[in-house]
Amino acid sequence: MLYPLRFEPLFRRYIWGGRRLETVLQKPIGNQAAAESWEIVDHGDDQSVVKFGDLAGQSLRQLIEKYGEGLLGVNVAKQVSSDTVPAYLQNRFPLLLKFLDANRHLSIQVHPDDAFGATLDPPDLGKTEAWYVMAAEPGAKIYAGLKPGVDRADFETAVADGKTEDVMHSFEPAVGDCVFIPAGTMHAIGQGLLIAEIQQASDTTFRVYDWGRLGVDGNSRPLHIEQSVAATDFTRGPVQPTVAKKVGANAEELVNCDKFVMRRHRLNEATTIGGDGKFRILAVTAGAVAVQDDPSGRPLGLGETMLLPASLPLLDLTPEGDVEMLEIFVP
């Protein structure tokens, strides 16, 4: 029987990571710095594993194989099993939720869309994503989209001259900003940001500029110039934070696209969630909230995440003081 699911995080240790996953979000990253905490993922060998309850020890992939529509919902189960999805990608949980600690700049990069991803070997989904800023050091920047008027030729010239940064649109985000990055958008997360990210369940990145630094092996990390140019939508232009749209007494919609919907809830009294046949991802960005039928026996706190299977009934949420929480689902 399904119930609210918490998973063990998977840590990624890239050269730009730091220690805020531990110091701010209380993640057990160990002695080494960590760049990302993959909270909910079903991508090849990268599998979230249930932490509490009767299903503890089972992977997200195993849950989908066993429960299918009960976990995903009827519509999403049909989508992920459709013949339009390459066989290698069928029956996969469609989203990936992670936290990122940008102790240094991430590379300037772009992700392919679904059509481009399907041509790769092995094929992958495209990667449309959205970022929620949880912490920002003074002067920290987000690079999102190209400056107005920059076309393919301008971009290729800038890359060849080592001036990629000069053609990137950038801004200094505030805590609580949400930035939507559709596939094909050139982007980078700058040093000094702690980010919650929701994305398609893809791990394909084309790196175009890496700030001239060396990897842990003393060599420059590979660049993917030709693929980056091919994947980029040069009509998109600069990207700004999204404008929140009020959708309830305590909820705002931050992103609504064909891949996912992301909402922000600010709670200080009991409410309910779910019960409509859709799975939901919850991520707490401030405070703590108790979720009905959670087998862990404790509130969901800062930096903790949960998957509510689609078959669950309407559930009670009981905040402890003031709570801010992200809710993510497939439309």
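This write-up is about the structure you can find in this document. (Residues numbered from 1 in each chain as written. Predicted model: local features only at pLDDT ≥ 70, side-chain atom pairs only at ≥ 80, totals over all residues. Heavy atoms only, no water.)

### A look at the pattern of salt bridges
Enumeration according to the criterion identifies 24 salt bridges in this entry. One salt bridge connects glutamate 324 with arginine 266, and the closest N-O pair in it is separated by 3.6 Å. Of this pair, glutamate 324 sits in strand 22 (residues 315-329) while arginine 266 sits in strand 18 (residues 261-267), placing them 58 residues apart in sequence. The exposure class assigned to glutamate 324 is buried, which follows from its relative accessible area of 14%. Taking relative accessible area as the criterion, arginine 266 reaches 43% and is therefore assigned partly exposed. Two residues, glutamate 304 and arginine 298, come together in a salt bridge whose shortest N-O distance is 2.9 Å. Three or more residues joined by partner-sharing salt bridges are found here, namely Arg6, Asp294, Arg298 and Glu304. (Salt bridge = Lys/Arg side-chain N within 4 Å of Asp/Glu carboxyl O. Helix = DSSP H or I, 4+ residues; strand = E, 2+ residues; numbered from the N terminus. Buried < 20%, exposed > 50% of the residue type's maximum accessible area, 1.4 Å probe, protein only.)

### Quick notes on the sheet that holds strand 12 (residues 178-181)
Neighbouring strands of a sheet are bound in pairs by backbone hydrogen bonds; such pairs are parallel or else antiparallel. As summarised here, the arrangement of the 6 strands in space is 2-3-7-14-9-12, forming an open sheet in which the pairing is antiparallel. The sheet is open, and its two borders are formed by strand 2 (10-12) and strand 12, each paired with just one other strand. In this sheet, neighbouring strand axes are inclined to one another by 25 degrees on average, regardless of whether the strands run parallel or antiparallel. Sheet analysis places strand 2 next to strand 3 (residues 36-40), joined by 3 bridges and oriented antiparallel. Residue phenylalanine 11 lies in a different strand from strand 3, and its bridge partner there is serine 37. (Pairing = 2+ DSSP bridges. Axes fitted to C-alpha atoms, helices over the stretch in contact; angles between N-to-C directions.)

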